[in-house]
Amino acid sequence: MGTLALSALKPGMRLSADVLDRNGRKLLSYGDTLSEQALRVLKIWGVTEAQVEGEGSEEASALVSEEIPSELYEAARRDTEHRFRHNDSSLLVIQELQKLVTLHLARKMALAQGRGDDPLALVQHDSPAKPAGKCPPPLDVQTLLRDDVKLGSLPSVFHKLVEVVNDSRSSATDVAEVIANDTDLVARLLRVVNSPFYGMTAKVDTISRAVTVVGSNQLVSLAMGISIVASFKGIPEHLVSMRDFWEHSIACGMAARILASYRRMPNTERFFVAGMLHDIGRLIMFKIAPDHSTHLFHTAYSEHRIVQQCEKEVMGFTHDRLGGLLLKAWRCPVSLEKNVRYHHLPGMAPTVPEAAIMCVADVVANAFRFGSSGERLVPVLSRETWDCLELPVSVLGQTVLQLDYQVSEIVRLMNVDG
Ligand SMILES: [Fe+2]
Ligand SMILES: [Fe+2]
């Protein structure tokens, strides 16, 4: 059929060549079948045309599965089934996720085999050694909050940004001024703003220009997230690597931003920041209670339980509660605090669809193993949580497609290792 303009592309058509955005990043692959969501993604990223080979209803996944040795596909399927053990597999959304995760994993295994690596290493999870000594007694979260050790660990620019956000009289110039005073933050921020994720047509080389093109609210949100990334050092590596932790957080933020834009929610940047900070409570746990954290992981992994569901009995509180309380103590915007507080319990949030976006984004980041904040299994996604978003399940595949192309790039640009 050849090259067609975007306006002539229809769901069901199959691509005969990869589709690239204006920066040369791949958005869709040869063989993918177009969906309504895929067409919307092409529009968002400014694609004007694509090459299609004709109509077809075959799923892109069928093409992929043909290339994957059946034993690898089967190993991926079993691993996926294990990791979704706390989810209800009779739900359409869980079935879709399991199918996508299996293919995603099987494809990675086939690539590993092609490189001469052991593909089964991707589905083997070592059992953690039993920690020496007894677990210390659970901690009291209010006592922890009164102790200002962790509050003092935040960079001063973060507090200044919060002040700007909370002051209705502050202007775009105030925003630019606060950011411009921190040269490390400026460098990280401009790298991210110039990444394909933002789809800028021209290079943004100053903060005042970034305020104009990204918007001051969005830029403050992004700056808050980035300034936090730079401030956490010294977490014991045996609990989690900082790179894995931020990769998980960034993937959750990117997924939340994408889902929020599919649902046409305003100021999608705040979802990116909420994703970056959603597990901050766990990072604080690792820092102030490493012994409890070692016991926490041992309990969860050896009993095949979800880590969050073991936290109350081992730590005395959950990471989502601690995260929400910390953001409140740090005087962050209420919507940020609530979206972090309720990312595992969206039904209890004051704005259920917003917290539901966080919950789905976290499930996606965990399910497809974009980094890790310590969880090995896939957290629970309930029917109510998914249904309240009123999105078709096909957005999940489109979301993962964008994450695959962009998470590692954003991780690199944010320079999470130092
Ligand atoms: Fe979490
Ligand atoms: Fe998470």
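Quick caveat: nothing in here was measured; it's all calculated off a predicted structure.

Novice: Where do I start with the overall build of the protein chain in this structure?
Specialist: On a plain count of helices and strands, the protein chain comes out with 20 helices and five strands. Expected size for 418 residues packed as a compact globule is a radius of gyration near 22 Å; at 22 Å, the protein chain falls within 12% of this value. Judged by the C-alpha coordinates and their principal axes, the protein chain covers about 65 × 55 × 40 Å. Of the contacts formed within the protein chain by residues at least 6 apart in sequence, a portion of 70% connects residues at least 24 apart.

Novice: What should I look at first to understand the domain arrangement of the protein chain in this one?
Specialist: A common way to express how large an interface is: the accessible area buried when the components associate. Split by domain assignment, the protein chain resolves into domain 1 (2-58), domain 2 (67-123), domain 3 (155-227) and domain 4 (231-418). The distance between the C-alpha centroids of domain 2 and domain 4 comes to 22 Å. In terms of residue count, helix α4 (residues 92-114) provides more of the side of domain 2 that touches domain 4 than any other element does, eight residues in total. Here the residues of the side of domain 2 that touches domain 4 are counted per class, giving eight nonpolar, three polar and three charged.

Novice: I would appreciate a short explanation of the confidence of the model for the protein chain in the present structure.
Specialist: When pLDDT drops low, the exact placement of atoms in the prediction is not to be read closely. Residues with a pLDDT of 70 or more make up 92% of the protein chain, whose mean pLDDT is 86. Mean pLDDT values over the elements of the protein chain span from 49, in helix α2 (residues 60-67), up to 98, in helix α18 (residues 352-367). Low confidence marks residues 55-65, where pLDDT is under 50. Its contacts with residues over four positions away, or in another chain, come to 18 contacts.

Novice: Sorry, what's going on with the nonpolar core here?
Specialist: In summary, soluble globular proteins display a tendency toward joint burial of nonpolar side chains. The biggest cluster of nonpolar side chains holds 117 residues, and the ones touching the most others in it are A223, A255, A256, I357, V360, A361 and V364. Apart from residues lying up to four places away in sequence, A255 is in contact with G275, A361, V364, A365, T399 and L403.

Novice: Honestly, helix α20 (residues 394-414) in this entry has me stumped. Any pointers?
Specialist: Helical geometry note: an α-helix holds 3.6 residues per turn, so side chains three or four residues apart project in the same direction. Between its first and last C-alpha, α20 extends 30 Å over 21 residues, near the 30 Å set by a 1.5 Å rise per residue. Where α20 bends most, the angle comes to about 40°, and this point is Q406.

Novice: Can you walk me through the environment of M200 in this structure?
Specialist: For M200, the position within the fold is in the loop between α8 (183-193) and α9 (207-214). Taking the C-alpha atoms as reference points, M200 and V214, 14 residues apart in sequence, are found 9.4 Å from one another. Sequence-distant contacts of M200, defined by excluding residues within four places in its chain, comprise V193, N194 and V213.

Novice: Just checking my understanding: could you explain the packing of helix α10 (residues 216-229) against helix α12 (residues 269-277) for this structure?
Specialist: When two helices pack together, their arrangement is captured by the angle between the axes and the distance separating the axes. Where α10 contacts α12, the two axes come as close as 8 Å, and the packing angle between them is 15°. In terms of axis orientation, α10 runs roughly parallel to α12. For the pair α10 and α12, the sense of crossing is left-handed. Contact residues: α10 offers Q218, S221, L222, M224, G225 and I228, while α12 offers E269, R270, F272, V273, M276 and L277. Considering only residue class, the contact of α10 with α12 consists of seven nonpolar, three polar and two charged.

Novice: How should unusual backbone geometry be read in this particular structure?
Specialist: Excluding glycine, residues mostly carry a negative phi; peptide bonds, for their part, are mostly trans. Positive phi outside glycine occurs at R264, with the angle close to 55°. Position of R264 among the secondary structure elements: in the loop between α11 (242-262) and α12. A residue is classified by how many C-beta atoms lie within 10 Å of it, and R264, with 7 of them, is exposed. The phi dihedral of E390 is positive, around 50°, even though this residue is not glycine. For E390, the position within the fold is in the loop between α19 (383-389) and α20. Among the residues examined, E390 registers 8 C-beta atoms within 10 Å and is labelled exposed.

Novice: Is there a simple way to explain helix α6 (residues 156-166) in this structure?
Specialist: Considered for burial, the residues of α6 that qualify are V157, F158, L161 and V164. End-on, the buried residues of α6 take up no more than an arc of 120°, which puts them together on one face. Facing away from the buried surface of α6 by more than 90 degrees, the exposed residues are S156 and N166. Each element contacted by the buried residues of α6 is listed here: α7 (172-180), α8 and α10.

Novice: Help me understand the packing of α11 against α12 in this model?
Specialist: Running from N to C, α11 and α12 cross one another at 155°; their axes reach a closest spacing of 7 Å. What the angle tells us is that α11 and α12 run roughly antiparallel. Classified by chirality, the crossing of α12 by α11 is right-handed. Here α11 contributes S249, I250, C252, G253, M254, A255, A256, R257 and A260 to the contact with α12, which in turn contributes E269, F271, F272, V273, A274, G275 and M276. Each residue belonging to the contact of α11 with α12 can be placed in one class, and the counts come to 11 nonpolar, three polar and two charged.

Novice: It is not clear to me how the environment of P353 should be interpreted in this structure. Could you clarify?
Specialist: With respect to the helices, strands and loops of the structure, P353 is situated in helix α18. In sequence terms P353 and L389 are 36 residues apart; their C-alpha atoms lie 5.9 Å from each other. Leave out the neighbours within four places in its chain, and P353 touches C388 and L389.

Novice: Would you take a moment to explain the environment of L391 for this structure?
Specialist: Its location among the elements puts L391 in the loop between α19 and α20. The exposure class of L391 is partly exposed, given the 19 C-beta atoms found within 10 Å. Taking the C-alpha atoms as reference points, L391 and R264, separated by 127 residues in sequence, lie 11 Å from one another. If sequence neighbours within four positions are ignored, L391 has contacts with Y262 and R263.

How each quantity is defined
- Counting starts from 1 at the beginning of each chain's written sequence and moves along it residue by residue.
- Chain letters and ligand numbers both follow the written order, the letters beginning at A and the numbers at 1.
- With the structure being a predicted model, the display of local features is reserved for residues of pLDDT at least 70 and the display and counting of side-chain atom pairs for 80 or more, all residues being used for whole-chain, interface and lining totals.
- Secondary structure counts use DSSP, requiring at least four H or I residues in a row for a helix and at least two E residues in a row for a strand, with both numbered from the N terminus.
- We compute the radius of gyration over the C-alpha atoms and compare it with the globule rule, which gives 2.2 Å times the number of residues raised to the power 0.38.
- Contacts here follow a simple rule: the backbone-placed C-beta atoms of the two residues must lie within 7 Å.
- Just so you know, the domain bounds were taken from an automatic or database domain assignment.
- Residue polarity follows a fixed list, in which Ala, Val, Leu, Ile, Met, Phe, Trp, Tyr, Cys and Pro are nonpolar, Asp, Glu, Lys and Arg are charged, and the others, Gly among them, are polar.
- In predicted models, pLDDT denotes the confidence assigned by the predictor to each residue on a 0 to 100 scale.
- The term nonpolar core refers to a set of buried Ala, Val, Leu, Ile, Met, Phe, Trp, Tyr and Cys residues connected through C-beta atoms within 7 Å.
- Buried means a residue has 20 or more other C-beta atoms within 10 Å of its own C-beta, exposed means 12 or fewer, and partly exposed covers the counts in between; C-beta atoms are placed from the backbone.
- In this scheme, a helix's expected span is set at 1.5 Å multiplied by one less than its residue total.
- To get the bend at a given residue, fit one axis to the seven residues ending there, fit another to the seven starting there, and take the angle between those axes.
- In this analysis, axes come from line fits to C-alpha atoms, helices being fitted only over the stretch in contact, and the angle between any two N-to-C directions falls in the range 0 to 180 degrees.
- Working rule for angles: under 35 degrees goes down as roughly parallel, over 145 as roughly antiparallel, 65 to 115 as roughly perpendicular, anything else as oblique.
- Here a crossing is called left-handed whenever its near helix is offset anticlockwise from the far helix by less than a right angle, and right-handed whenever the offset is clockwise.
- Within this analysis, the arc is defined by the directions that extend from the helix axis to the C-beta atoms.

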